[in-house]
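Here's the letter readout for the chains.
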Amino acid sequence: MSKIKNINWPSVLFICGYHALLLALLPIYFIFFNPSSMLIWSTVGLFVASGLAITAGYHRLFSHSTYKTNKVIEFIMLFFGTLATQGSALRWSHDHRLHHAHIDKDDDPYSVTKGFWWAHILWMFKNETPMDKKSITSDLRRNPLITFQHKYYVWLMVAANLFTTALVWLATGDLFGAFILSWVFRQFCSHHTTWFINSLAHYWGHQNYSTEHTAVDNYILCFLTFGEGYHNYHHTFANDYRNGIRWYHFDPTKWLIWTLSKLGLAKNLRRSKETRIFSLMLKEHKEALIERITNSFMEKKAEAKEKTVQFTESISEKMTKLQTLAKEYKQAKKDALVMPESIKKLSLEIKSLKKSLKNDWREWRRFSKSIMRLKLKAA
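The text that follows walks through the structure, step by step, so that each part is easy to find.

Of regular secondary structure, the chain possesses 16 helices and two strands. Seen through its principal axes, the chain has C-alpha atoms that stretch 70 × 65 × 45 Å. Relative to its full complement of 379 residues, the chain shows a buried share of 46%. Intrachain contacts of the chain at a sequence separation of at least 6 include 70% that bridge at least 24 residues.

What follows is the structure, encoded as C-alpha cells:
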C-alpha cells in the first residue's frame, strides 16, 4: 500500500497516456495521410526551439547560472521550455541542482546507480521530492517570470501547446497532423532525448575529465541533445557555459549563448580555465595509463610507468608556468612603469611555452594511444 501511495499518478497517467496515444494514432496518420513538407519542418523547428530552451534556458541559464541575459530572452526561454513539457523551470532546476549536489547517491533524484530505466523515466513515477529547502533555488524564486510560470505551469503548458498546434494547423491545413506530429510526436522526441542525458550519458561513453562520478561524454548524444552529450565535462566543470570546449565540438547551445553575447543579449559568460581543464584531464589519463600498463603483458612496465609520470609532471610544470606568466603579463600591461620591452619579452615567452606545450601534448597523445593498444591479461 505504501508503494502505491508513493506513486505520482498524474505523471504516470500523462506519460503512459501520451505514449499510448502516439502508438495508436501515428500509424493511422501515416496510413491515411501524407505529411506536407511544411508540417515536417514545423515539427522539426518546434523540436529544436523547445530543445534549445531546455538546454540554454532551463539548464545552463537557470540551473547553473553560466551566463546572464535580459527579461525578453528569459521569457522566450520560458515559453519554449514550457512547450517542451518538462515541468516548470523552478522544479526542473531544483531537481537538477540536487542531482549535481548528490550525484550517484540516494538524494540524487535520478541516480543511474538505481538502474538505467530508473534514471531514464521511472524516477518521474515516484512522488516528487518536496521543494521545502527553498535555499536550493532561492535565486530563482526572486525572479517573477520563473515564479509565475511555476505557479500556473499546467495551464501555461496546455495553452502554449494548443497555440503552436493551432499555428501549424493554420499553416498546413492539417489538424490531425499538427496534433499528432507537431505536438505529441515532437513532445515524445523532446522527452526521450532529454531523458537520455540522465540515463545513457551516465551509462555509455568516455570519462575524459573525471572518474569520480558516472557521467560520461557520449558523442552521439551531442547531436540529439544540442551539445549536452559532453556530460563528463559538464559534471566536472558544471559552471562552464560550454559543454563542448573545442571549436569543432557539436554544441549548438554554446553557439547560441555565444551569439546572444555578441548581439549584446547575454553577458558574464562563465568558462573554466584551460589550465585547470587540462590538469584534470592529464591526471585522469595518467591513472588510466598506469592501470593499463599494470594489467598488460608489457615487459618493461617500470620504465613505461616512469615515462608516464615524467610526461605528466613535465606538462603540469609547463602549464603552471604558463599560468604564472599569463598573470605577470596581465599585471605588466596594467603597470605604467613596466617597459614595453619587458612586456614584449613576456609575450614571446608565453608564445614559446604554448608552442612547447602543444608539441608535448601531441607526443603525450601518441604515447597514450600506444599504451591503450596494449593487450590486457585475462582477469
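Another aspect to go through is a nonpolar patch on the surface. A surface patch of nonpolar side chains, about 430 Å² in accessible area, is lined by Ile28, Ile31, Phe32 and Phe33. Within the fold, isoleucine 31 resides in helix α2 (residues 9-32). Residue isoleucine 31 is classed as exposed on the basis of its relative accessible area of 62%.

Here the focus is the side chain of threonine 308. Structurally, threonine 308 is set in helix α15 (residues 301-334). Residue threonine 308 is classed as buried on the basis of its relative accessible area of 0%. If we ignore the near neighbours within four places in the chain, the residues touching threonine 308 are Lys286, Leu289, Ile290, Ile293, Trp364 and Phe367.

For the structure shown, the criterion picks out 21 aromatic pairs. Ring centres 4.9 Å apart and planes at 50° place the aromatic pair phenylalanine 148 and tyrosine 152 in the tilted group. Given the relative accessible area of 35%, tyrosine 152 is considered partly exposed. Ring-pair connections join several aromatic residues into one group, and the members of that group are Tyr29, Phe30, Phe33 and Phe176.

The next point concerns a positive patch on the surface. Residues Lys273, Lys327, Lys330 and Lys334 make up a contiguous surface patch of positive charge. Inspection of the secondary structure assignment puts lysine 334 in helix α15. Residue classification places lysine 334 among the exposed positions, given a relative accessible area of 62%.

Let's shift gears to the environment of asparagine 208. Tracing the chain through its elements places asparagine 208 in the loop between α10 (175-198) and α11 (219-224). Note: C-alpha distance between asparagine 208 and histidine 19 (189 residues apart in sequence) is 36 Å. Among the polar contacts listed, one links the side chain of asparagine 208 to the side chain of tyrosine 219, at a separation of 3.2 Å.

Turning our attention to helix α3 (residues 37-63). The end-to-end C-alpha distance of α3 is 36 Å, a good match for the 39 Å that 27 residues give at a rise of 1.5 Å each. Counting buried positions over the 27 residues of α3 gives 19, a clear majority of the element.

Cut-off values and rules
Residues numbered from 1 in each chain as written. Predicted model: local features only at pLDDT ≥ 70, side-chain atom pairs only at ≥ 80, totals over all residues. Heavy atoms only, no water. Helix = DSSP H or I, 4+ residues; strand = E, 2+ residues; numbered from the N terminus. Buried < 20%, exposed > 50% of the residue type's maximum accessible area, 1.4 Å probe, protein only. Contact = heavy atoms within 4.5 Å. Patch = residues over 30% accessible without salt bridge, like charges linked within 9 Å, V, L, I, M, F, W, Y side chains within 5 Å. Areas by Shrake-Rupley, 256 points an atom, 1.4 Å probe, with all protein chains shown as cover. Salt bridge = Lys/Arg side-chain N within 4 Å of Asp/Glu carboxyl O. Phe/Tyr/Trp six-rings, centres within 6.5 Å; stacked < 30°, edge-to-face > 60°. Lys, Arg positive; Asp, Glu negative; His and termini not counted. Charge placed at Lys NZ, Arg CZ, Asp CG, Glu CD. Polar contact = N/O pair within 3.5 Å; in protein donor to acceptor, adjacent residues only side chain to side chain. Expected span 1.5 Å × (residues − 1).

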